Each structure stands twice: as C-alpha cells, then as structure tokens.
Amino acid sequence: MIHDSQRVADRRARFALYATHGLLAAFFLLPLVFMFVSAFKTDEAQLLHDMNSLAAFLPTGQLGAANFAEVMHNTPFVRAFLNSLLVVGVTVTLGILVNSMLAYALARLRFAGRNLLLSVVIALIIVPFEAIAVPLLLVVNELPWFGGQRGWLDSYHVQIIPFIGNAFSVYLFYQFFTALPKDLEEAALVDGAGRFRIYWSIVMPLSKPVIATVAVLQFLARWGDLLWPVMVVRGETFATLPLAMQTFFGQFPRQWGQVMAFAALVTLPTLVVFLVFQRWFVKSAISSAIKG
C-alpha cells in the first residue's frame, strides 16, 4: 500500500510538472504562433476581426504569401537584412574575441590594478545603455575617421565599435575561466607555450558553452536594437531591420498583415541562432546553476 501511494504521488507530481511546463511553453509560444499565422492572412479585415477571438491563433480565412511579397516590394528589407547581418555578425565575433581576452587576463594574470579593473567591469553591468546613449552620441559625432572625415554618424562602424566591449560578456567569460582547471595550462607553460597560445589553443576550445551564451545574448541585443540606430543612422543606406520596420508605422491605414510578415522574417534568424547554439547554451545554464 505504501508503494502504491508513493507511485500515485509521483504520478501526480509528474503530471503537475508537465502541466506547468506546458503552460509556460504556451505562454511563450502563443505570441509567435499569432505572428506567423497573421503573416499569412491576406485579408486585412479578417485579420483584425480574428484578433477578438481564438481565431487569431488559427490559419483561418484567406491564406497566402502576399504579405511577404509586399514587404519585399515596399520596404528595403533585403538591404536592411544585409546591414543587420553585417553589423551584428562583426559585433558578436569581435566581441567574443575582445571580451574573452580581457576576461582571461583578469582570471589568470596578476597585475597592478587588476581588482580595480574587475570592480569597474562589474559596476558597468548595472549601467543601462539609455543612461550613456546621449553622451556616446556626442563623442562619436566628434571622432575622426579615415580620410579626414569628422564624425562617425551614418556608417557601419558607429553601429559596431561602441558595442564590441561588453561588461556582462566579460563577466560571463571571467566566471567560466576561473572555474576551469589550471592543470593543462600549467603543463603548457612548462612546455614553453605563451599565454596567448594557451588562451587560443586550450582555453577557448574548452569554452564553447560560454561562447554560445555570449553569442546568443549579444545577437539578440544587437539584432533587435532600435534606440542607437535611430540616433546615428540617416537614411536607408546603413539602416538595420528595426529601422526599416518603422516604414509601416508612418503609413495609414496600417497594414498589420505586412507588419506581421516583416516581424516573422526578422524573428526567423534569432530562432535559427538559438537552435544552432542551444546545446551549448543549455549546458552553460546548467553548469552555472550547479556552481551557484
């Protein structure tokens, strides 16, 4: 009887756990379902009518790819997509290299001012970007560039260089590096390897989980960033996807089917990035929880 009662209790607990997971999954997935379903609804009146009921999540009415065709025809989507891909790709790649090098130096080297520098990095994590956006704009507007040009506005580098260094990324790398065993590094030092060789050939190959975490977090932050591009970009040449999406909000009547189609196209790369890196991302989250 005791074993039967225990089995019943275990089944109830498992059911409650699965039900909770299901509710949480629905909470996060339903907005995506609504967006993708609405993107294929070509009847604007039907789309607005469906928003008042569960039909908003169902592929009802006239369906087709007309909204996507209109997005490609009426907005500079391709140009903005390539701009976003360039800006985000370069920022994330250089950010992983620069932030990991600084974190490795903080984790393994002993030098004057190390503790102060680490404290500054931690303090910078709590400073929101909105607090420094205007001072940063004034600074980049006065900086010189190649060819004697003054000011960085309306360019690719103004969207890349200020965001390569990231205090939170440095801290994530630092935490991971301090937890790595030093045995392999000490053996490499005895064999005559330099610190950079150890960093590149030993430490970084072991750091795939934290690299994936930093890559995903920075990709999400930069891919959807609107505030900074609004401040520094003038025109369509260097505009990214969030800026290009503003085209719809200057129109009347607003075409919500096209808005959803544009949003769906913008969301797809983030889903792809997460699916590619999810194994290492989850591994990093689990290891962090165990350490904590």
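Going by the structure above, here's the rest.
Caption draft 1: Molecular detail of the side chain of Arg222. With respect to the element layout, Arg222 can be found in helix H11 (residues 208–223). A relative accessible area of 16% places Arg222 in the buried class. Each residue touching Arg222, except ones within four places of it in the same chain, is listed here: Val88, Thr91 and Phe163.

Caption draft 2: Examining the packing of aromatic side chains more closely. Using the criterion set out here, one finds 18 aromatic pairs in the structure. Consider the rings of Phe196 and Trp200, whose centres lie 6.4 Å apart with planes at 5 degrees: the pair is stacked. Highlighted residues: Phe196 and Trp200, both in helix H10 (residues 195–203), separated by four residues, approximately one helical turn. For the pair shown, Phe196 and Trp200 are each scored as exposed.

Caption draft 3: Representation of helix H3 (residues 66–74) within the structure. Within H3, the full set of buried residues consists of Asn67, Phe68 and Val71. The arc that holds the buried residues of H3, viewed along the axis, is 100 degrees, so those residues lie on one side.

Caption draft 4: Focus on the packing of helix H8 (residues 167–179) against H11. Remark: H8 packs on H11, axes separated minimally by 10 Å, with the N-to-C direction vectors making an angle of 165 degrees. Judged by the inter-axis angle, H8 sits roughly antiparallel to H11. You can see that H8 and H11 cross each other, and the crossing is right-handed. Residues Phe168, Ser169, Leu172, Phe173 and Phe176 of H8 pack against Pro209, Val210, Ile211, Thr213, Val214, Leu217 and Gln218 of H11. When the residues that make up the contact of H8 with H11 are grouped by side-chain class, the tally is nine nonpolar, three polar and no charged.

Caption draft 5: Region of the structure containing the layout of surface pockets. Estimates place the volume of the largest pocket at around 630 Å³. In this structure, the largest pocket is lined by 20 residues; those nearest its centre are Val127, Phe129, Ile132, Phe163 and Asn166. Of all the secondary structure elements, the ones that give two or more residues to the lining of the largest pocket are helix H5 (114–125), helix H6 (129–140), H8 and H11. Residue composition of the lining of the largest pocket, by class: 14 nonpolar, three polar and three charged.

Caption draft 6: Representation of H5 in the model. If you check H5, its first and last C-alpha atoms are 17 Å apart, about what twelve residues at 1.5 Å a residue would give, namely 16 Å. Inspection of H5 places Arg114, Leu118 and Val121 among the buried residues, and these make up the whole buried set. Each buried residue of H5 lies within a common arc of 60 degrees when the element is viewed along its axis, so the set occupies one face. Along H5, exposed side chains directed more than 90 degrees from the buried face belong to Asn115 and Leu116. At its buried positions, H5 is contacted by helix H4 (77–108) and H8.

Caption draft 7: Main features of the nonpolar core. With 49 residues, the main nonpolar core has Val71, Ile96, Phe173, Phe177, Leu241 and Phe262 as its most contacted residues. Judged by nonpolar contacts, the second largest core, of 13 residues, contains Leu137, Trp152, Trp228 and Ala239.

About the thresholds
- Per chain, the residues get numbers from 1 upward, laid out in the order the sequence is written.
- Confidence filtering applies because this is a predicted model: local features only for residues at pLDDT of at least 70, side-chain atom pairs given and counted only at 80 or more, and all residues used for totals across whole chains, interfaces and linings.
- As a rule here, side-chain values come from all non-hydrogen atoms in the structure, and water together with hydrogens is ignored.
- Strands are runs of DSSP state E lasting at least two residues, helices are runs of H or I lasting at least four, and both sets are numbered from the N terminus onward.
- In this scheme, a residue with accessible area under 20% of its type's maximum is buried, one over 50% is exposed, and one in between is partly exposed, where area comes from a 1.4 Å probe on protein chains only.
- Residues count as neighbours in contact if any of their non-hydrogen atoms are within 4.5 Å of one another.
- Ring pairs shown here join Phe, Tyr and Trp side chains whose ring centres sit within 6.5 Å, with only the six-membered ring taken for Trp; geometry is labelled stacked below 30 degrees between planes, edge-to-face above 60, and tilted in between.
- The arc under discussion is defined with respect to the helix axis, by the directions toward the C-beta atoms.
- Inter-axis angles, ranging from 0 to 180 degrees, are taken between N-to-C directions of lines fitted to C-alpha atoms, where helices are fitted over the stretch in contact.
- The labels follow the angle: roughly parallel below 35 degrees, roughly antiparallel above 145, roughly perpendicular from 65 to 115, and oblique for the rest.
- With the far helix as reference, a near helix turned anticlockwise by less than a right angle produces a left-handed crossing, and one turned clockwise produces a right-handed crossing.
- Ten residues, namely Ala, Val, Leu, Ile, Met, Phe, Trp, Tyr, Cys and Pro, are considered nonpolar, four, namely Asp, Glu, Lys and Arg, are considered charged, and the remaining ones, Gly among them, are considered polar.
- Only protein atoms enter the 1 Å grid used here, on which a cavity is any set of points holding a 1.4 Å probe that cannot leave and a pocket is any open set flanked by protein within 12 Å on both sides along at least five of seven lines; residues with an atom within 4 Å of a point are listed as lining.
- Grid points are joined across faces, edges and corners, and a volume is the space filled by probe spheres set on the points.
- The span expected for a helix works out to 1.5 Å for each residue beyond the first.
- Residues belong to one nonpolar core when they are buried, are Ala, Val, Leu, Ile, Met, Phe, Trp, Tyr or Cys, and are joined through side-chain atoms within 4.5 Å.

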